[in-house]
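The lines below spell out each chain.
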Amino acid sequence: MAERHADRTRHAAGAVGGGTCALPPRPHQCGAGGRQPARARHLSAGRYGACIAAAGEIAAHPHQTHAAVVGVDRCALKNRLPAGKAGLWRGSKRHKKLHNLRREPFPFPAFVRFGSESETFSPPSREQPRMHASIPHRRTARHVLSMAARLVCTSGLLAAPTLAPASPPTVPKILLTQAPEATVPTRTFNVAAGPLAQAINQFAQQAGVFVSGISELAQGRRSAGLRGDFTVAGGFEALLQDTGLEAIDQANGGFTLRHMRTEPSSRGAANTLPEVVVTTAAPGNAGTLPDVYAGGQVATGSRIGLLGNRDVMDTPFSVTSYTSEFIANQQARSVMEALRNEPSVRDIFPEGGLGEYFNMRGFYMQSHEFAWNGLYGLVPHNRTSTELLERVEVLRGPGALLNGMSLGGGVGGVINLVPKRAGDLPLTRVTTGLASDANLSVHLDMARRYGDERQFGARINVLKSHGDAAVDNQTEDRQLGAVALDYRGRQLRAAIDIYHIKEEQSGGLPLMTTLASTDIPAAPDPTTNTVPGAYGISRSKAVAGSVEYDFNDQWTGFAALGTKRQRGQGYLNNALGMNAQASGDYVGVGMNVDNFFDVVSADAGLRGRFETGPVGHSLTLSANAVEQKSGALAGRSMWASNIYVPTLPVAAASPGTAPKSTETTLSGLAIADTLSFAQDRYQLTLGLRQQRVRSRNFNATGGTRYDKSALTPTIAVVARPWTAPVSVYANYIEGLSQGGSVSDASADNYGEVFSPYKSKQLELGLKWDTGRFMNTVSVFQIKRPSVIKNQATNTYGPDGEQRNRGIEWSSAGELGDGLRLLGGVARLQAVTTRTNGGTLDGKDASGIPHWQANLGAEWDTPWLPGLSLSATSIYTGSQFADDANTQKLPSWTRFDLGARYATRLAGKNVVLRGNVVNAFDKRYWSGVWNGYVSVGAPRTYRLSVQVDF
């Protein structure tokens, strides 16, 4: 028997002589002599056992219930097992099941004692600590001796001692007794309260360690922060207290985040730990969100249309992705409010109305042009609530190749909305709010995952708000219900989103009016109600499904399909007016609208990665289509009034039910290949999209139709030639867009849709990422045909070209501990060219300021952990309200203030928030829409209490 054990020992570890293990060390990694000080750990293994590739790990046989304990030579084992791998890896290369093992450090060498008998292994040095441990075991002492001999050989720490077999005890044990360890050094930490992911990142930076697994496990959790002197392990334990998470140190010196394991109730029970399925996302997988960046306000990347998710530094476009945490801290109720810190975007409709129109890089865009997880046409036609959103992703500039054509024909950029999904941790969050004047709200956000591998997820968002709004005598009612279901399998990922949004306003609406002359009236009090009794109601409901399937490690198929139904009635274009004079006198316009929009949207494709020699390829093939049927009617009325002292309005008659007036189908086929060179330091993206626009307009005379197509190219490059975290990018992109439609209900050709047009963009930019602070600087030029209003005929029509040239700087991140910045500056010159007769050549495009600047700052106060103060400044330069550049609106600056306090009450995470919009009650004309100037935002107070149950 002893000979058989000896044979097994020699077979497993090789001959041992002179204290040297047969497994050769690596001197270049381990230092002189091929040996470095090693850390020993206690591993509680499952029945599959493990052979651990780190110093001092415990090796266990697959058939054992408990691990044997011995010191192991780290350098020797690293020659046989991959660094940092602990546990038994099974299955395919792509899907590995890692039986995680709990580890506790102990120094070595050791002596092993079986029951009451012991055999002492003489340590190389008396100065090294000794230890004993006691671990129950079911095997005989002879078997344990054989196992210990093999492990001793592998460790290379002992000079081939001879083990004398001991008499088998009744209950065989390995007893290790540990002497007091050397004092572990502590360091001072100062981690601000806030999102848990942000707190962990900040702690890791101060500790000088790398932490993996943060983004998904920490989602939706908060931390009260950490201040004081701790060891790294102690700091993690304090920071993660009551989160259900723990940080496990790895052989490479880093840490990984995981769910805390439940200890067995009995010491004798089998200590089999749940297995964790580790899946490696396929290239560009859109189902996995990029990590949150330092500060928690933006993400490290976003979805780049058909290219999938890309890191900011590897994207040849200017992008920013705003997180749900940032949106919640701003208490933003709509997407437009969530973009207050975005320098490329300006709201041109007044805040407080149902509709949201804005300009992006100097081109008009409507809220229904947002993409929903990459699909156009599925977003509400008016305001879009934020309570169901995880990210708001902004891509500046045309995105025809990336996303296809939007239904509104916008070319200033792409705004993609990412719905919430269930995270790994259960979530039950209730937020109650109060907004001025007296609007109460309750929001429930609940998420759970199910299944043995938690592959099924469900997230529910329900909102109800009702009460007085900021405009005098205005009442607002908001209702939202959203369900998000998802499946995360080894190869298959699928999701279904369902939402219903109803928004209703009655009693009054904010003001928009044209101007009578160059004598601009002062902006009125934005709470003034110029149309008492007016109302508007918008109902939206949609269903969208998506699926991704990994054929192998290189190729992934994807498909998405969705439909939306939208109905709107009332004064959807706010309280309109015409010809406002310096005295305030103007003509009130009542515009009672009835409209509908029925949309079906689909997308499918194949995304993969392969190599041709030294060149890497990321290839995407895609086909998409959007079909919309819509109709609109409007009833009108007019009366004389004053913007400062309004008179009673004349109600506009109901227009009746709108018939179908337009049927549009936008489709395209696209191919894009990103070629990478020199370890991805240089990337070249080449793409083509065949686009087709089919449209039919219906009217009393029969209507018109057109069917046009075009092949549009894209070329983009990213270069990262330096070791510094800097990338340079450039792009040229063309796109075919559906012709704009006349959305001005007061125009005589309201609802008319124009022919498709081509847009072109050239852009050059530089990105710099310090790890805590990210900056993007870009210069660009965009050209597209323009639509100009003929005041004499009260109609809109194509006339000339609009050319926008600009430079932008955007930034986000942490300047220091507890200090976060978000914002940027844009300098834009938007002019009209090639107009009829040259009468408007060189004129500024109406409603486009030369300067836009946003800067938001957040500060975690040092005197009260959990308290954060915030301030945002918004500057908009002067702009013209008319195409002839005779009516110039003055520049304006607005300040928003906020505070929040994160704490724990009755064992629950609680966040108290307070925000003031337009804190100093600035009165200003905010923007221009088709010649109408919009009144600025009123001073508004918002308070909320968020509790996680």
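Because the structure is a prediction, the values reported are computed rather than measured.

Participant: Please explain the overall build of the protein chain as it appears in this structure.
Facilitator: In terms of helices and strands, the protein chain carries 10 helices and 54 strands. Within the protein chain, the fraction of its 949 residues that count as buried is 57%. The contacts in the protein chain between residues at least 6 apart in sequence include a share of 67% that link residues at least 24 apart.

Participant: Is there a simple way to explain the UniProt feature "short sequence motif: TonB C-terminal box" (unreviewed entry) in the protein chain in this structure?
Facilitator: Those residues carrying the UniProt feature "short sequence motif: TonB C-terminal box" (unreviewed entry) are residues 932–949 in this numbering. Secondary structure content for residues 932–949 is 0% helix and 72% strand, and the end C-alpha separation is 47 Å.

Participant: Sorry, what's going on with the sheet that holds strand 25 (residues 389–396) here?
Facilitator: Hydrogen bonds between backbone groups are what pair the strands of a sheet, and the pairing can be parallel or antiparallel. The sheet built from 5 strands is open, its strands ordered 19-25-26-23-24 with mixed pairing. Whereas interior strands pair on both sides, the edge strands pair on one side only; in this sheet they are strand 19 (318–323) and strand 24 (375–376). Bridging between strand 25 and strand 26 (residues 413–419) involves 7 bridges; their strand directions are antiparallel. When the sheet's bridge partners are listed, L395 is paired in strand 26 with V414.

Participant: What exactly am I supposed to notice about the sheet that holds strand 22 (residues 363–366) here?
Facilitator: Spatially, the 3 strands line up as an open sheet ordered 20-21-22, and their pairing is antiparallel. This sheet does not close on itself; its edge strands, each paired only once, are strand 20 (345–347) and strand 22. Sheet twist, expressed as the mean angle between neighbouring strand axes with direction ignored, is 30 degrees. Pairing of strand 20 with strand 21 (residues 357–360), which is carried by 3 bridges, proceeds in the antiparallel orientation. Bridged to R346 within strand 21 is N359.

Participant: When you look at the packing of aromatic side chains in this model, what are you seeing that I'm missing?
Facilitator: Given two aromatic rings, their pairing is described by the distance between the two centres and the angle made by the two planes. In total, this model carries 17 aromatic pairs according to the counting rule given. With centroids separated by 5.4 Å and ring planes inclined at 40 degrees, the aromatic side chains of W372 and Y499 adopt a geometry described as tilted. One end of the pair, W372, is in strand 23 (residues 371–372); the other, Y499, is in strand 31 (residues 492–506), with 127 residues separating them in the sequence. Overall, the relative accessible area of 4% leaves Y499 in the buried class. Here a set of aromatic residues connected by ring pairs shows up, and it is made of F189, F203, F236 and F255. The lysine or arginine in question, R361, covers the ring of F780, its NZ or CZ lying 3.9 Å from the ring centre. Just above the ring of F558 sits the side chain of R607; from NZ or CZ to the centre is 4.4 Å.

Participant: Any chance you could explain a nonpolar patch on the surface here in plain terms?
Facilitator: A contiguous nonpolar patch, built from I460, V462, V483, L485, I496, I498 and V543 and spanning about 500 Å² of accessible area, is present on the exposed surface. When contributions to the nonpolar patch are tallied by element, the ones reaching two or more residues are strand 29 (456–468), strand 30 (475–488) and strand 31. Assignment of secondary structure puts I498 in strand 31.

Participant: Help me out: how do you make sense of the pairing of strand 27 (residues 427–435) in this one?
Facilitator: It is a general feature of regular strands that their side chains alternate between the two faces of the sheet. The pairing of strand 27 with strand 28 (residues 438–450) spans 9 bridges and is classified as antiparallel. The residue bridging T431 from the neighbouring strand is H443, located in strand 28. Of the pairings in the sheet, the one linking strand 27 to strand 54 (residues 940–948) comprises 7 bridges and is antiparallel in character. Looking at strand 54, one finds that A435 is bridged to R942.

Participant: In this structure, what is going on with the environment of T685? I would like to understand it.
Facilitator: The topology assignment puts T685 in strand 39 (residues 682–697). For the pair formed by T685 and P316, sequence separation is 369 residues and the distance between their alpha carbons is 8.4 Å. A polar atom in the side chain of T685 sits 2.9 Å from the side chain of T674.

Participant: Where do I start with the pattern of salt bridges in this structure?
Facilitator: Close approach of charged atoms lets side chains of opposite charge pair. Scanning the model with the defined rule gives 38 salt bridges in all. For R894, the salt bridge goes to E351, with nearest N and O atoms at 3.3 Å. Taken together, the residues span a long stretch of sequence, with R894 in strand 50 (residues 892–905) and E351 in the loop between strand 20 and strand 21 at a distance of 543 residues. Salt bridges sharing partners connect three or more residues here, namely R333, E337, R340, E351, R383, E387, E476, R478, E503, R894, D896 and R942.

So, how was this worked out
- Residues numbered from 1 in each chain as written.
- Predicted model: local features only at pLDDT ≥ 70, side-chain atom pairs only at ≥ 80, totals over all residues.
- Heavy atoms only, no water.
- Helix = DSSP H or I, 4+ residues; strand = E, 2+ residues; numbered from the N terminus.
- Buried < 20%, exposed > 50% of the residue type's maximum accessible area, 1.4 Å probe, protein only.
- Contact = heavy atoms within 4.5 Å.
- UniProt positions renumbered as here; feature names shortened; annotations may be inferred.
- Pairing = 2+ DSSP bridges.
- Axes fitted to C-alpha atoms, helices over the stretch in contact; angles between N-to-C directions.
- Phe/Tyr/Trp six-rings, centres within 6.5 Å; stacked < 30°, edge-to-face > 60°.
- Lys NZ or Arg CZ within 6 Å of the ring centre and 35° of its normal.
- Patch = residues over 30% accessible without salt bridge, like charges linked within 9 Å, V, L, I, M, F, W, Y side chains within 5 Å.
- Areas by Shrake-Rupley, 256 points an atom, 1.4 Å probe, with all protein chains shown as cover.
- Salt bridge = Lys/Arg side-chain N within 4 Å of Asp/Glu carboxyl O.
- Polar contact = N/O pair within 3.5 Å; in protein donor to acceptor, adjacent residues only side chain to side chain.

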